[in-house]
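Each chain, letter by letter, is given below.
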Amino acid sequence: MQKRFYTGIDIGTYHVKVVIAAPAETPDLPMRILGTGTAGSKGMRQGYIVDVKEAAHSIREALERASAAAHTKVESAHVGIGGVGLDEIRASGDVSLTPSGGIVTARDMEHASKEAEKRSSAKLANRTVLHAIPMQYRLDGAQIFGSPEGLHGAKLSVDVLLITMLGKHHDDLLAAVEAAGVEIEGVMASPLAASFVALTKAQKT
């Protein structure tokens with residue numbers, strides 16, 4: 001059975017915001033807002049959680065207000081993470097295409113991104129990678145515009161943008177959400193999430 005609604009939680013230094021939305025009748029239309037809820041952030045200081053229990057209380061309060069407005073119970077949600085702990089790291093990785101017969105596959109593209117992340121391990125100490133966004137692919141040294149999947153070559157290289165945050169802050173945020181009685185469906189950097197609704201495709205590129 002198709003899910004009837006989605007919930008998003010944004011945890012900020014001053015406020016916790018929750019929105020509950022339902023899919024539109026057709027994919028080209030925006031989602032319908034069923035209810036929203038806001039609560040003052042407790043247990044936070046300068047963007048960091050200093051008290052998980054207090055933060056969980058604020059999340060629960062915002063959830064209850066949104067649930068009451070939407071006349072529905074929230075059991076799971078997507079979490080937006082922002083604050084000063086976010087950072088970006090640019091990295092490069094490459095893989096040999098010999099195992100795949102010289103044809104680029106989706107698995108090769110994934111492995112190249114993982115290799116870029118592995119090569120940046122020294123810069124990722126105490127940090128959690130939220131997103132690994134491929135910026136540019138090269139096949140045997142030549143720049144590829146668009147997806148390289150299906151092309152022939154010997155070596156695939158990729159430049160990746162890693163969006164990271166402090167691991168301790170990440171774990172504390174998720175612990176606070178779970179302590180509020182919500183299952184976490186996914187985590188996304190708040191600025192990236194905002195781009196999906198505030199920017200056109202050309203602006204995002």
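Residues numbered from 1 in each chain as written. Predicted model: local features only at pLDDT ≥ 70, side-chain atom pairs only at ≥ 80, totals over all residues. Heavy atoms only, no water.

**Student:** Describe the nonpolar core, with residues and values.
**Tutor:** By size, the foremost hydrophobic cluster in this structure holds 29 residues, and its most contacted members are Ile 9, Ile 11, Ile 59, Leu 63 and Val 177. At the level of elements, β1 (6–11), β2 (15–22), α1 (52–70), β6 (76–81), β10 (155–166) and α3 (167–179) are the ones that each hand at least two residues to this core. In this structure, Tyr 137, Leu 139, Val 158 and Leu 162 belong to the second largest nonpolar core, which totals 16 residues. (Core = buried A, V, L, I, M, F, W, Y, C linked by side-chain atoms within 4.5 Å. Buried < 20%, exposed > 50% of the residue type's maximum accessible area, 1.4 Å probe, protein only. Helix = DSSP H or I, 4+ residues; strand = E, 2+ residues; numbered from the N terminus.)

**Student:** Lay out the sheet that holds β10 with the relevant residues and their values.
**Tutor:** Sheet architecture is open: 4 strands sit in the order β7-β10-β8-β9, paired in antiparallel fashion. In this open sheet, the two strands that pair with only one neighbour each are β7 (87–96) and β9 (142–144). Strand after strand, the sheet turns through a mean of 40 degrees between neighbouring axes, direction not considered. Note: strand β8 (residues 127–139) against β9, 3 bridges, orientation antiparallel. Each bridged residue has a counterpart across the sheet, and for Tyr 137 the counterpart in β9 is Ile 144. In the packing of α3 onto the sheet, contacts are made with β8 and β10, and the angle to β10 comes to roughly 65 degrees. (Pairing = 2+ DSSP bridges. Axes fitted to C-alpha atoms, helices over the stretch in contact; angles between N-to-C directions. Contact = heavy atoms within 4.5 Å.)

**Student:** Report on the side chain of His 170, specifying residues and quantitative values.
**Tutor:** Position of His 170 among the secondary structure elements: in helix α3. For His 170, the residues in contact, after removing those within four places along its chain, are Ile 81, Thr 128, Leu 130 and Met 165.

**Student:** Give me the lowdown on the sheet that holds strand β3 (residues 32–40), citing residues and values where you can.
**Tutor:** Strand order in the open sheet formed by 5 strands is β3-β2-β1-β6-β11, and the pairing between neighbours is mixed. Of all the strands in the sheet, just β3 and β11 (183–189) have a single pairing partner and so form its edges. Neighbour to neighbour, the strand axes of the sheet diverge by 20 degrees on average, direction disregarded. As judged from the 6 bridges shared by β6 and β11, these two strands associate in the parallel manner. Bridge assignment links Gly 80 to a residue of β11, and that residue is Met 188. Relative to β11, α3 is tilted by about 145 degrees, and along the sheet it contacts β1, β6 and β11.

**Student:** Could you give an account of the pattern of salt bridges, naming the residues involved and the relevant values?
**Tutor:** Applying the stated rule across the entire model yields 7 salt bridges. A salt bridge links Arg 119 to Glu 115; the nearest nitrogen and oxygen atoms lie 3.2 Å apart. One end of the pair, Arg 119, and the other, Glu 115, are both in helix α2 (residues 106–119), 4 residues apart, so they sit about a helical turn from each other. A salt bridge links Asp 172 to Lys 168; the nearest nitrogen and oxygen atoms lie 2.7 Å apart. Placement of the pair is Asp 172 and Lys 168 together in helix α3, with a separation of 4 residues, close to one helical turn. Look at Lys 168 and you get exposed, because its relative accessible area is 58%. Here the residues in one salt-bridge network are Asp 94, Glu 115, Lys 118 and Arg 119, joined through shared partners. (Salt bridge = Lys/Arg side-chain N within 4 Å of Asp/Glu carboxyl O.)

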